[in-house]
Amino acid sequence: MWTEILKAREFVKAGDVLNIGSGVCMYFWDDVWIGEYLLKQLFPSLFVIARQKNALASELISSEGAWILNFPRNLNDQEMLELENLLQIIGNPSRLVNEDSRQWRYGEDFSVANAYAALETGGLLTFPDKHLYNSKVP
């Protein structure tokens, strides 16, 4: 039963959409804030050599409003192409004062009910209610 429930963890993580504002609550490499994948998954060779692997997005923005991506050595040609692609994807950093926010991809706000409905609709999980709720009462 618990293995089925734990399968839903990845579904819930995938349903959590981050909207970057100032970047003070979102990790640059470890949160999905652009597209549907972590930047460290899209650009693994850059992540491996990045100096600030656990940095918040806001920590990688200069006072002039540019990205500060530090690497311990000069990048080779392939890494330069990846950096160019990364910068195209993330665009110019936002210097907005808006707060970072989260949205639930499968409804207005997260609730167990709409998560369960989305799981059932997608056929990803069948809740083991017959194991939990026994209609036989002593």
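A brief structural summary.

Parameters and conventions
Residues numbered from 1 in each chain as written. Predicted model: local features only at pLDDT ≥ 70, side-chain atom pairs only at ≥ 80, totals over all residues. Heavy atoms only, no water. Helix = DSSP H or I, 4+ residues; strand = E, 2+ residues; numbered from the N terminus. Contact = heavy atoms within 4.5 Å. Areas by Shrake-Rupley, 256 points an atom, 1.4 Å probe, with all protein chains shown as cover. Patch = residues over 30% accessible without salt bridge, like charges linked within 9 Å, V, L, I, M, F, W, Y side chains within 5 Å. Salt bridge = Lys/Arg side-chain N within 4 Å of Asp/Glu carboxyl O. Buried < 20%, exposed > 50% of the residue type's maximum accessible area, 1.4 Å probe, protein only. Polar contact = N/O pair within 3.5 Å; in protein donor to acceptor, adjacent residues only side chain to side chain. Core = buried A, V, L, I, M, F, W, Y, C linked by side-chain atoms within 4.5 Å. Expected span 1.5 Å × (residues − 1). Arc of directions from axis to C-beta.

Moving on to the overall build of the chain. Scanning the chain from N- to C-terminus turns up six helices and two strands. Reading the helices (α) and strands (β) of the chain from amino to carboxyl end gives α-β-α-α-α-β-α-α. Considering only contacts within the chain whose residues lie at least 6 apart along the sequence, 62% involve residues at least 24 apart. Summed over its atoms, the accessible surface of the chain is roughly 9,600 Å², and 54% of this surface lies on carbon and sulfur atoms.

Side chains of Val-12, Phe-110 and Val-112 sit close together on the surface and give an oily, nonpolar patch of about 270 Å² of accessible area. Take Val-12: it is sitting in helix α1 (residues 2-15). Residue Val-12 is classed as partly exposed on the basis of its relative accessible area, which comes to 31%.

Before going further, it helps to spend a moment on the environment of Phe-43. Within the secondary structure, Phe-43 is located in the loop between α2 (39-42) and α3 (44-49). When the C-alpha atoms of Phe-43 and Trp-29 are compared, they prove to be 9.3 Å apart, with 14 residues separating the residues in sequence.

Okay, the side chain of Asp-31 next. Inspection of the secondary structure puts Asp-31 in the loop between β1 (16-19) and α2. At 2.8 Å, the side chain of Asp-31 forms a polar contact with the backbone nitrogen of Tyr-27. In this structure, Asp-31 is in contact with Leu-18, Cys-25, Met-26 and Leu-38, ignoring residues within four places of it in sequence.

Another aspect to go through is the nonpolar core. Of all hydrophobic cores here, the largest spans 22 residues; its most connected members are Phe-28, Trp-29, Trp-33 and Leu-86. Those elements giving two or more residues to this core turn out to be α3 and α4 (77-90). Residues within four places of Leu-86 in sequence aside, it is in contact with Phe-28, Trp-29, Leu-39, Phe-43, Leu-46 and Leu-69.

Attention now goes to the environment of Gln-78. Residue placement: Gln-78 occurs in helix α4. Note on Gln-78: relative accessible area 49%, which makes it partly exposed. C-alpha of Gln-78 to C-alpha of Ser-45: the two residues are 33 residues apart in sequence and 9.3 Å apart in space.

If charged atoms from side chains of opposite charge come close, those side chains can pair. Applying the stated rule across the entire model yields two salt bridges. Between Lys-40 and Asp-30 there is a salt bridge; the shortest N-O distance is 2.7 Å. With Lys-40 in helix α2 and Asp-30 in the loop between β1 and α2, the pair connects residues that are 10 residues apart, well separated along the chain. For Asp-30, a relative accessible area of 27% gives the class partly exposed. A salt bridge links Arg-73 to Glu-79; the nearest nitrogen and oxygen atoms lie 2.8 Å apart.

For the rest of this paragraph, the subject is α4. The end-to-end C-alpha separation of α4 is 20 Å, in line with the 20 Å expected for 14 residues at 1.5 Å each. Glu-79, Glu-82, Leu-83, Leu-86 and Ile-90 are the residues of α4 that are buried. Within α4, the buried residues cover an arc of 100° as seen down the axis, which keeps them to one side. Exposed side of α4, more than 90 degrees from the buried face: Asp-77 and Gln-88 are the residues found there. The inward-facing, buried residues of α4 contact α2 and α3. Where α4 starts, the residue carrying a side-chain oxygen 3.1 Å from the main-chain nitrogen of Gln-78 turns out to be Asn-76.

So yeah, pure geometry; function would need other evidence.
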